[in-house]
Amino acid sequence: MVKTMAKIGMIGAGSWGTALTWLLTNNGHQVTVWSALADEITMLQEKHEQTSKLPGVILDDSVVFTTDLKAAVEGMDLLVLAVPSPFTRSTAHQLKDVAAQGQIIVNVAKGVEENTLMTLSQIIEEEVPQAEVAVLSGPSHAEEVGKGIPTTIVVGSKKKEIAEKIQSIFMNPVFRVYTSPDVLGIELGAALKNVVALAAGVADGLGYGDNTKAALITRGITEIARLGTAMGGRRETFFGLSGIGDLIVTCASMHSRNRRAGILIGKGYTMEEAMNEVKMVVEGVYSAKAALGLAHKYETSMPIIEQVNLVLFGGKPAKEAVADLMLRDKKVESPIQSGNEAKKESREALFFCATSEFPKGNLEGSI
């Protein structure tokens, strides 16, 4: 199938924006990259390489680089919002005056706003009400995507046709894209796994082993799914690409800035010292307080998230936090449901399949 070339505005020129620009130009699309940093744009214009954040990934000569937001937005078939989560609101605010009615914006950052407890897509919808907002997430380090290493990801949208359009633009033999209507679940899985990855890094910094890492991943996804379903996300989403998939890769890889920062904290660095050493935005630090705020709002037990907050912002020694997690009250891992509860859950699952905007064959969990 021959793809129709799309005109794409890449809003953000960091590692992820650069990797996706490389991917999209290889797919035959015309990409204009915007950054608010003049020095960054000058570097890209001269070298066609993000030398500080993604060295070795050379961008095609067809890519246009600009600090003019209007030039990167007007007439584009798709905008990819690839700025770090702390800058999502301010950047989206600027987009309001230049984005067309019905402009598709796909957010690829991961986080929850601390003050409002809003997901990034909710922020974009608030700031750019004329836009059609989607999300793209999953286990996808920029360092690997920029080398063409096989990667699988999921796009979430409330509208089937928009999800499928984005799927078609991004998908190629090394970048497989699934679709899902569960925008909220995808974003929560993406944001909260960064906090658990900090905990996994702390455990590594303390010298703990594979047993500890496996426990953090397993109990971490349980906490994420517990909160996510309480907020209205689909349970299946948290055991898919943007949930357990992204959690595994972020907890296990040295590409993960969250894990790297956690390792330094486990070795005795302060949060500020660790972030300075990593030299990139550590999204989990910004999402940790928001995750705890959501846990309190939805009355959800999230002991790992609580301990991460105490280590980051309360001065609690990391080793003491691990001990407190281990010595919590005795629990049953998977409480057995009563017959009525099991029937109710089954009915709810059938109801979702019957009422979902997306046919079953388009969902991430389908074959």
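Computed from a predicted model, the values in this text were never measured in an experiment. (Residues numbered from 1 in each chain as written. Predicted model: local features only at pLDDT ≥ 70, side-chain atom pairs only at ≥ 80, totals over all residues. Heavy atoms only, no water.)

Draft legend 1. Main features of the environment of Ala72. Relative to the helices and strands, Ala72 resides in helix α3 (residues 69–73). Residue classification places Ala72 among the buried residues on the basis of a relative accessible area of 0%. For the pair Ala72 and Ile8, spaced 64 residues apart in the sequence, the C-alpha separation amounts to 8.1 Å. Not counting chain neighbours up to four residues away, the residues in contact with Ala72 comprise Gly9, Ile11, Thr32, Trp34, Thr66 and Leu79. (Helix = DSSP H or I, 4+ residues; strand = E, 2+ residues; numbered from the N terminus. Buried < 20%, exposed > 50% of the residue type's maximum accessible area, 1.4 Å probe, protein only. Contact = heavy atoms within 4.5 Å.)

Draft legend 2. Quick peek at the pairing of strand β1 (residues 7–11). Taking burial as the measure, the five residues of β1 include four buried ones, the bulk of the element. At this point the chain moves from β1, through helix α1 (residues 15–26), to the parallel strand β2 (residues 30–34), and the crossover so formed is right-handed. (Right-handed = clockwise from strand over helix to strand, strands pointing away.)

Draft legend 3. How the structure looks around the packing of helix α5 (residues 120–127) against helix α8 (residues 183–205). Orientation of α5 relative to α8, taken along the N-to-C sense of each, is 120°, at an axis distance of 9 Å. Regarding the angle of α5 to α8, the classification is oblique. Packed against α5, whose contacting residues are Leu120, Ser121 and Gln122, the element α8 presents Val183, Leu184 and Glu187 at the interface. Its residues assigned to classes, the contact of α5 with α8 comprises three nonpolar, two polar and one charged. (Axes fitted to C-alpha atoms, helices over the stretch in contact; angles between N-to-C directions. Parallel < 35°, antiparallel > 145°, perpendicular 65-115°, else oblique. Nonpolar A, V, L, I, M, F, W, Y, C, P; charged D, E, K, R; others polar.)

Draft legend 4. Here's a closer look at α1. For α1, spanning twelve residues, the distance from its first C-alpha to its last is 17 Å, which sits close to the expected 16 Å at 1.5 Å a residue. Counting buried positions along α1 yields eleven of twelve residues, so the element is predominantly enclosed. Among all positions of α1, only Ser15, Trp16, Gly17, Thr18, Ala19, Leu20, Thr21, Trp22, Leu23, Leu24 and Thr25 are buried. (Expected span 1.5 Å × (residues − 1).)

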